[in-house]
Amino acid sequence: EGIGLKEFYYLSKSKSKDSKAPSCLTVVPQVQWLPRKPTTYLSTIFTIETRVIPELEGLIKVANDPNSLMSDDSISESTNIPQVLKIKEIWKGRLKQSISDWKYTLELVSPDYHPEGLLAKSDKDQKAYLKGIDLKWSKDINAALSSDESVFGTLSKDKVKEVYKRPAEGMTLSTDIHDTDVWKDVQQTWDEIGPKKYLSIVPGLKEAMTLGGKVPTLKDLPVAAMLKTASFILTPGDEIPLYSHPLNMVNYAQTMIDAATSIFGNEKGGDVATTADSWMKTLTPDEPGFYSRGMDDVPDSENLIDASVYGSTAPFTFAKNPKTKSSEYSPLDDHPEPKLGGPQADIYLTFSGGGHSISFSQSVNDNIAGGDYSWGISLEAGLAFEGEREFGVSVLSAGYNGNVEVQATTEATRNVAWAKYGSLETSYSLGDPDPYDKFVIRVSTDKRFGTPTFKTIGGASKCPGEPNTMWRESGMILQTEWSPGVNNEFIPPGDDALYDLIITNESPYREGMSYGLVLTTGETWKGADGANMRDLSFSVSNVGGLSILGSMTPLDSVNSVNNDGDLVHTVMTMRVSKGVFADKYTDIGVMLVSACEFSMSGDWMYRDPISSTAYLGDMKWERECPPVQWDETTVNKYLNKKVHAQSWPVLNYTVLNPNPVNLWTKDKGTQEGKYDHLVHENVEFVRIQWRKLYEGEWINAWNDDKSDADVQCDTARGQGCKLPWNIENQYFMNGLRDGTWEIRAKVFCSGYDSFAAAGVKYSSTEDNLNLIVDVNQPLAVDAS
């Protein structure tokens, strides 16, 4: 039975006036049933108990879900019940019957010595249960292969007795030859020779026939003569039409012969005529035959098995069986039960993994060309002509009854034989190491070479996921979010970017999986491979570091559901540490991969491994505002500068940028852009400021035009940036500002968020200069 299963999410209002719109996002399982196909199962008990039955039970649960949707194009529409409800009802019955059949199969082939809950019982109850199982085993199942109670002994013992029955009753060839298979073989051969051929063998017989003679029948001859005469055994040739072989000469093609009496003609059953059942069935037609496989009461079932293994078809359909007394099938189901009849259908083969392998072989030994002609005739023919001119032929001498007598003795032997034999043997094995894998295949044969071919129809597979099967590792989902309280577009200097990796394992069977994390680059990145992650360090909490060179960081076990069967998420934090070469990074992604398939992908995987990719978005560190300092000359000259009325009013200050990897904006493009990646893009101004010593607001130094001076230049890392400050323009020399003033240089940056630290917004000189102004003459106010 084939199905397609998918889940999707929707949020909508129903058109039905009686239905209520879902109040939140609802998960709606949708099942689309595909046409049922017969298949031969070669499965372990483990697979049946842990996969097949739970899967069927899960589908029943889906059918019972009022929100679920089901469709099946092969089920006719009904006017009395909504179609979706009819489909659910029919398939619930089919699924329940399948579960019942599987449980019966398990009970039939393997009694459970250790059922669930056995150890919770009392010692007395445990012993009673195990005793019952032992009794069932010894009474209903266990028997020696050679015993009369085994399947072979039960079906063979009466037929063996039949073989010895006639000799025991004193049957002799002279009295009972016409009742034996030997006579039937010879009779068929005699009839196939025909008058024309017989007349050509016996000299003078053809001429005698013109005088009124008759060709003798086989019964006219004594046994000894008959056996010698009828040794004419022929195979199809050019001279004689294609007669059937004698019954003990069989062909392997089922369409050429209906039955066979020999067990030695062919060792393969199914679509080959000479099966074990056919020869025993021929011995005693009124008794049930011996069937080598399939249902022992339905001989056609073995054709289904052979068809699945050797690639032929068999009649099969689904219909109602009025004789069924108890069944799980729904009364609404028009085609519930399998029927061994109807149109020819492909028979699939389903096998499970688990370390074991199943092997099949077929061989054909055929006389592909040749001929075998051998006959011997020893006759004495006496011809007597009397008044009525009667004629007779016998191996006994004819009497002298008339005036004319002709007697002839003839003996002829012909032996011609040549043959060319061909032999072809093909074999194949099916196996998979994973006990949770299963495959539904269509076996066929290459008509040119006789070798088997395989087409995968369905199943479930892992490591790797095979085409046309359900990939057990599919359904992995990776999402990334900023960790709580973190803004990864404005990361403070010295801090790390923090991301939460949210992994959802929606594997079809809700299995725990082994995944891996791999760093990847987005499609929009056009630079060198890995350059967008240069000098970054990635690590995941409790897992380890991630490499930018394509290696995988393993996640050994990622659960899918909790103990209640509800889907769960696995959350872990990824930490990204900044290097010194850049502050903004883009097109960085994290890929969640199948650990097994990723390890294969470097060698022989035919496709990319199963994966889910999430991107981190733009990642930007807030850059510290570049530093500023006075050059040595300025410090030596202006650390404590005194001015008076006769002083030169212009002060020549020079500032430098002491940090080689955090350059001012105007350094961009210098030295052919060699160091542009070190430039701080948001240095707005570099100003010289002054204020009263330890008090007041800082005031910007002016240019000659009395505008705020910007000292920033493109030589801050060399000779420095200079400002010839005319303090007279700012009224230091008018006598109203005598006193001590402090001077500093300050770098102003932009591009930060409102919560940025002070070091991101600006930087200033560590040591301030002092300007002492004394323009007015001192006045004597007192004398003593």
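This write-up is about the structure you can find in this document. (Residues numbered from 1 in each chain as written. Predicted model: local features only at pLDDT ≥ 70, side-chain atom pairs only at ≥ 80, totals over all residues. Heavy atoms only, no water.)

**Examining the sheet that holds strand 29 (residues 721-726)**
Operational definition: Any two strands are treated as partners once DSSP identifies two or more bridges connecting them. Labels follow the DSSP assignment, with helices taken as runs of H or I lasting at least four residues and strands as runs of E lasting at least two, numbered in each case from the N terminus.
With antiparallel pairing, three strands are arranged side by side in an open sheet as 24-26-29. At either end of the open sheet lies a strand with only one pairing partner, and these are strand 24 (629-630) and strand 29.

**Quick word on the state of the cysteines**
Just so we agree on the cut-off: The disulfide criterion is simple: two cysteine sulfur atoms within 2.5 Å. Three labels apply to residues, based on accessible area from a 1.4 Å probe with only protein chains included: buried if under 20% of the type maximum, exposed if over 50%, partly exposed otherwise in between.
The full count for this structure, using the stated rule, is three disulfides. Through a disulfide, C463 is tied to C596; the S-S separation comes to 1.4 Å. Remark: C596 occurs in helix 11 (residues 595-601) and C463 occurs in the loop between strand 11 (452-461) and strand 12 (470-471); sequence separation between them is 133 residues. Judged by its relative accessible area of 28%, C463 is partly exposed. One disulfide bridge connects C713 with C721, the sulfur atoms lying 1.8 Å from each other. Taking the sign of the torsion about the S-S bond as the criterion, the disulfide between C713 and C721, at about -90 degrees, is left-handed.

**Overview of unusual backbone geometry**
Leaving glycine aside, a negative phi is the common case for residues, and trans is the common case for peptide bonds. Omega for the bond connecting C463 with P464 falls within 30 degrees of zero, at 0 degrees, which places this linkage in the cis form. Turning to its location among the elements, P464 is positioned in the loop between strand 11 and strand 12. For D535, which is not glycine, the phi torsion reads 70 degrees and is therefore positive. Residue placement: D535 occurs in the loop between strand 15 (513-521) and strand 16 (537-540). Even without glycine at this site, D587 takes up a positive phi of about 60 degrees.

**Description of the environment of M591**
Heads up, the condition is: The contact rule is simple, with two residues in contact once any of their heavy atoms fall within 4.5 Å.
In this structure, M591 sits in strand 21 (residues 588-594). C-alpha of M591 to C-alpha of T521: the two residues are 70 residues apart in sequence and 9.6 Å apart in space. Residue contacts for M591: discarding those within four places in its chain leaves L478, G516, L517, V518, T520, S611, S612 and T613.

**So, the packing of aromatic side chains**
To be explicit about the condition: Aromatic pairing here means that ring centres of Phe, Tyr or Trp (its six-membered ring) are within 6.5 Å. Orientation follows from the plane angle: under 30 degrees is stacked, over 60 is edge-to-face, and everything else is tilted. Charge-over-ring contacts are defined here by two conditions on Lys NZ or Arg CZ: a distance within 6 Å of the ring centre and an angle within 35 degrees of the ring normal.
Counted under the stated rule, the structure contains 15 aromatic pairs. With centroids separated by 5.4 Å and ring planes inclined at 25 degrees, the aromatic side chains of F351 and F439 adopt a geometry described as stacked. Residue F351 is found in strand 7 (residues 348-352), and its partner F439 is found in strand 10 (residues 438-445); the two are separated by 88 residues along the sequence. Residues Y653 and W725 carry aromatic rings whose centres are separated by 6.1 Å and whose planes lie at 40 degrees to one another, so their mutual orientation is tilted. With Y653 in strand 26 (residues 650-656) and W725 in strand 29, this pair connects stretches of sequence that are 72 residues apart. Of the two residues, Y653 and W725, neither departs from the other in class, the shared state being buried. In textbook terms, an aromatic cluster arises when at least three aromatic residues are bridged by ring pairs, as seen for W630, Y638, Y653, W690, W725, F732 and W741. Directly above the aromatic system of F318 lies the positively charged group of R36, at a separation of 3.8 Å from the ring centroid. Over the ring of F685 we find R687; its NZ or CZ atom is 4.0 Å from the centre of that ring.

**Notes on the pairing of strand 7**
The buried fraction of strand 7 is high, at five of five residues. Relative to strand 7, strand 3 (residues 39-42) is paired through four bridges, and the arrangement is parallel. Among the inter-strand pairings, T39 is bridged to a residue of strand 7, identified as Y348. Looking at chain direction, strand 7 and strand 10 are connected through four bridges and run antiparallel. Note on strand 10: the bridge partner recorded for L349 is I441.

**Description of the packing of helix 1 (residues 45-64) against helix 2 (residues 83-109)**
This is how the line gets drawn: Inter-axis angles, ranging from 0 to 180 degrees, are taken between N-to-C directions of lines fitted to C-alpha atoms, where helices are fitted over the stretch in contact. Relative orientations are named as follows: roughly parallel for angles under 35 degrees, roughly antiparallel for angles over 145 degrees, roughly perpendicular for angles from 65 to 115 degrees, and oblique for any other angle. The handedness criterion is simple: a crossing whose near helix is rotated anticlockwise from the far helix by less than a right angle is left-handed, and one whose near helix is rotated clockwise is right-handed. Basically, the charged four are Asp, Glu, Lys and Arg, the nonpolar ten are Ala, Val, Leu, Ile, Met, Phe, Trp, Tyr, Cys and Pro, and anything else, Gly included, counts as polar.
Between helix 1 and helix 2, the shortest axis-to-axis distance is 9 Å and the interhelical angle comes to 160 degrees. Our classification of the angle between helix 1 and helix 2 gives roughly antiparallel. Viewed along their axes, helix 1 and helix 2 form a crossing whose handedness is left-handed. Across the interface between the two elements, I45, I48, E49, V52, I53, L56, E57, L59, I60, A63 and N64 from helix 1 touch K88, K92, L95, K96, S98, I99, W102, K103 and L106 from helix 2. Here the contact of helix 1 with helix 2 is built from residues that sort into 12 nonpolar, two polar and six charged.

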